[in-house]
Structure formats: structure tokens, C-alpha cells
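An overview of the molecular structure
Next come the chains, spelled out residue by residue.
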Amino acid sequence: MTTTMRAAYLPGNRTVDLKDVPVPTPGHGQVLLRMRASTICGSDLRAIYREHLGTGPEAYQDVVGGHEPSGEVVAVGPGVKERAVGDRVVVYHISGCGLCEECRKGYQISCTSPMRAAYGWQRDGGHADFLLAEEADLLLLPDNLTFLDGACVACGFGTAYEALCRLDVSGRDRLLVVGLGPVGLAAGLLARAMGVTEVIGSDPSPERRQIAERLGAVTTQVDESLPVEQVGADASVDCSGAGAGQLAALRGTRRWGRVALVGEGAELTVDVSEAIIHRQLTLHGSWVSSTVRMAELLDRLSRWELHPSVVVTDTFGIESAADAYALADSGRTGKVGITWD
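A short tour of the structure in this document, coming up. Keep in mind the model is a prediction, meaning the values are calculated, not measured.

Rules behind the numbers
- Residues numbered from 1 in each chain as written.
- Predicted model: local features only at pLDDT ≥ 70, side-chain atom pairs only at ≥ 80, totals over all residues.
- Heavy atoms only, no water.
- Helix = DSSP H or I, 4+ residues; strand = E, 2+ residues; numbered from the N terminus.
- Buried < 20%, exposed > 50% of the residue type's maximum accessible area, 1.4 Å probe, protein only.
- Contact = heavy atoms within 4.5 Å.
- Areas by Shrake-Rupley, 256 points an atom, 1.4 Å probe, with all protein chains shown as cover.
- Lys, Arg positive; Asp, Glu negative; His and termini not counted.
- Charge placed at Lys NZ, Arg CZ, Asp CG, Glu CD.
- Salt bridge = Lys/Arg side-chain N within 4 Å of Asp/Glu carboxyl O.
- Pairing = 2+ DSSP bridges.
- Axes fitted to C-alpha atoms, helices over the stretch in contact; angles between N-to-C directions.
- Parallel < 35°, antiparallel > 145°, perpendicular 65-115°, else oblique.
- Left-handed = near helix turned anticlockwise from the far one by under 90°.
- Nonpolar A, V, L, I, M, F, W, Y, C, P; charged D, E, K, R; others polar.
- Core = buried A, V, L, I, M, F, W, Y, C linked by side-chain atoms within 4.5 Å.
- Right-handed = clockwise from strand over helix to strand, strands pointing away.
- Polar contact = N/O pair within 3.5 Å; in protein donor to acceptor, adjacent residues only side chain to side chain.

Before going further, it helps to spend a moment on the overall build of the protein chain. A tally of regular secondary structure across the protein chain gives nine helices and 17 strands. Across its three principal axes, the protein chain shows a C-alpha extent of roughly 60 × 40 × 40 Å. Burial status across the protein chain gives 58% buried among its 341 residues. Sequence separation of at least 24 residues holds for 70% of the intrachain contacts in the protein chain that already meet a minimum separation of 6. Of the accessible surface of the protein chain, which amounts to about 14,200 Å², a share of 48% is contributed by carbon and sulfur atoms. Mean positive and mean negative side-chain charge positions of the protein chain (31 and 43 charges, respectively) differ by 4 Å.

Under the counting rule described, the total for this entry stands at 18 salt bridges. Between E102 and K105 there is a salt bridge, and its shortest N-O distance comes to 3.6 Å. By sharing partners, the salt bridges in this structure join R6, D129 and E319 into a single network.

The next subject is the sheet that holds strand β15 (residues 282–285). Here six strands make up an open sheet; going across it, the order is β12-β11-β10-β13-β14-β15 and the pairing parallel. On the outer flanks of this sheet lie β12 (220–221) and β15, each paired with one strand and no other. Taken together, the four bridges between strand β14 (residues 253–261) and β15 define a ladder with parallel strand orientation. From the neighbouring strand, A260 faces β15, where its bridge partner is H284.

One can describe the packing of helix α3 (residues 147–167) onto helix α4 (residues 182–193) by two numbers: an axis separation of 8 Å at closest approach and a directional angle of 55°. As judged from the angle between their axes, α3 and α4 are oblique. Considering how the two elements wind past one another, α3 and α4 form a crossing that is right-handed. Across from G156, F157, T159, A160, Y161 and L164 in α3, the residues of α4 making contact are V183, A186, A187, L189, L190 and A191. Residues that form the contact of α3 with α4 fall into these classes: ten nonpolar, two polar and no charged.

Core analysis: the biggest nonpolar cluster contains 93 residues, and L33, F157, V169, L175, V177, L190 and V237 have the highest contact counts within it. In terms of residue count, the dominant contributor to this core is α3 (13 residues). Counting 15 residues, the second-largest nonpolar core is a separate cluster that includes V178, V231, A233 and L281.

Turning our attention to the pairing of strand β10 (residues 174–178). Of all five residues in β10, four are buried, a share of seventy percent or more. In the classification by handedness, the crossover that spans β10, the intervening α4 and the parallel strand β11 (residues 198–202) is right-handed.

The subject of this paragraph is the side chain of S95. Mapped onto the secondary structure, S95 falls in strand β6 (residues 94–95). Of note is the side chain of S95, whose polar atom sits 2.9 Å from the side chain of D137. Not counting the four nearest positions on each side in its chain, S95 is found in contact with M115, R116, A117, Y119, R123, E134 and D137.

A few words on the pairing of strand β3 (residues 30–39). Among the ten residues of β3, nine are classified as buried, and the element is accordingly described as predominantly covered. Where β3 and strand β8 (residues 130–134) come together, five bridges link them in antiparallel fashion. Among the inter-strand pairings, L32 is bridged to a residue of β8, identified as L132. Sheet analysis places β3 next to strand β4 (residues 69–76), joined by seven bridges and oriented antiparallel. Across the sheet, the residue bridging to S38 is P69, located in β4.

Given below as C-alpha cells:
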């Protein structure tokens with residue numbers, strides 16, 4: 001095996017640094033993955049690629065970027081109990097302490113320990129030829145799903161599925177999806193698979209609206225003939241991460257409806273009494289997913305024969321990571337991924 005690898009770092013100011021660095025060696029309870037696919041998330045763009053917004057223990061710490069990895073196990077360290085060389089896996093992108101209440105429930109995303117470290121933020125992520133991961137953070141990838149499918153599940157589809165489960169959507173619901181980027185596309189596709197027959201999509205980008213329609217992620221779109229206030233959705237999910245989008249999700253939901261807020265990075269100013277209390281809305285803040293829910297999703301995607309990679313519109317090799325980030329940052333595409341042969 002080679003001793004060096006190519007790795008992409010994100011110094012901010014919309015730049016990518018590609019470096020040659022040593023291939024890591026797995027320690028106790030760790031595995032080494034040969035990367036096969038690692039997609040780009042909107043949170044990477046918002047909080048790392050454009051400018052470093054985080055502070056304290058959750059800040060980006062000059063590590064290899066990418067928190068949506070999928071790959072093949074090529075080496076295991078001492079103490080590894082279940083994973084073996086050749087396993088195809090998805091990496092849950094938060095490595096928690098394993099001991100706090102949140103970790104014990106499978107929600108390492110909410111780990112309260114200073115030991116918490118996110119791949120691509122506080123520890124090296126998937127935008128490199130190899131990735132060092134904790135065995136506990138790995139989920140087996142079903143045989144009929146591709147590595148690119150797995151990368152899409154690692155954050156985007158997992159996040160959308162968690163929100164839809166919180167909303168308890170079914171065939172009885174009319175669903176409004178605000179923001180038709182990769183997570184919004186995932187929400188629409190998953191909702192259809194979960195029995196929702198009417199998915200109404202909203203996005204200012206005509207390119208993204210066209211992608212959603214082409215994929216069948218939406219059945220109707222908000223436009224001049226259907227203002228958001230007239231949608232009357234039973235359930236709504238905001239994937240835009242914009243205050244205007246979050247407000248649209250609230251206004252597009254009928255009385256006694258349910259709303260999940262997924263998109264991050266915005267401020268929402270609203271008359272709480274008029275918009276939420278008097279309309280008897282149930283409001284969910286939904287942050288990523290759990291390992292339990294993500295494993296459930298992988299199984300269901302396999303049974304549904306639904307391939308998350310359909311939301312990927314462009315792929316690049318690691319040597320073109322800068323081009324991949326620039327395109328993803330344009331906001332005109334579906335999911336953008338970095339892949340290896």
C-alpha cells in the first residue's frame with residue numbers, strides 16, 4: 001500500500017488546498033478505509049469553505065475536509081471486533097464519547113463530551129484517498145447500494161429521513177418541502193417512498209426546481225398560481241437554511257400541522273402567537289440523525305431499491321476538489337461528489 005495520499009483542506013475564503021500527506025495507521029478500535037465516494041454538504045460550504053464560522057470545540061480545526069464518506073475497509077487495528085478487510089461501509093460523521101446520554105441513544109451528533117469530534121471538522125474527513133475511522137462509527141452498506149449512495153446517506157439522506165420520521169409522514173399527508181437542494185431532494189424522494197402522494201416543492205432556483213421535477217421528488221411546485229400561504233400542507237420541512245424559507249414552511253402549513261426545521265445558518269423573526277401558537281402547530285428542530293435511524297434507512301433504501309445517488313448531478317476526482325467545491329457553492333446543481341475508481 002502506498003505511504004502517502006492526496007487530501008483536501010479548507011482554509012476558508014472559498015479556496016481548497018490539496019496536499020500530499022502520510023496514510024494513517026489504524027490504532028485500537030480503528031479501521032483504515034480506502035475512500036470510494038465523499039460528497040459535499042451545504043454545512044461545509046456555509047461554515048468552512050466560505051469562512052470559518054464555528055468557534056470553540058465545534059470549530060473547523062484545519063483537518064481534511066468532508067463529512068459524508070463511504071469506502072472499503074483495507075486495514076483494521078487491534079481491538080476491532082466486527083469490521084473486516086473488504087467490508088463496504090458508510091461513516092456516521094460524528095465520533096462521540098459513547099458514554100453520555102445522547103451517545104447511548106445513538107445521537108452522537110448531540111454528544112455532550114469534549115471528546116466529540118466530527119469528521120471533516122475536528123478530525124480528518126473523507127476528502128482524501130484514505131480515511132482513519134472508529135469502528136463504532138461505521139455502518140454496513142447493503143450490496144445493492146453503491147458507494148456514492150452511501151456517501152449521500154452519510155448526512156443528507158439521513159438528515160432528511162430523521163425529519164420525516166419526526167413528522168411521522170404517511171399517505172394521509174400533503175407535504176411541503178422548502179429548499180430543493182440535496183437535502184430537500186432527499187426529503188421529497190423519501191417521502192414518496194414512505195407513502196406521501198403529494199409533495200409540494202419551493203425553491204428560488206429554477207435549476208433546482210427542474211431537477212426536483214425530473215427526479216419525481218415533487219409533484220407540485222409553489223409559484224404564482226399557488227402561493228405558499230395557500231398550500232395548506234399537513235406537514236412541512238424546511239431544508240433551505242434561510243429565514244425566509246423557514247417562515248414559508250410555517251406559513252404553508254395548515255392549522256394543527258407539523259413543521260420540521262432542518263436547514264441551518266439562519267435567523268427567523270416571527271410573531272410566535274400568530275404563526276405558531278394560535279395555529280396550533282407542532283414544531284420540530286431536527287439535527288442530522290442517529291446511527292440507529294441511519295442503519296434503518298440503509299435497510300429501507302435497499303428494500304425500496306431507492307438509490308440516493310440520483311440527486312448527484314456532478315462528480316470529480318480528488319485532484320479536482322477545488323472545482324467540485326466551486327460548483328457546489330454555485331447553488332445551481334444537485335449533490336456534488338468526489339469519487340474514486
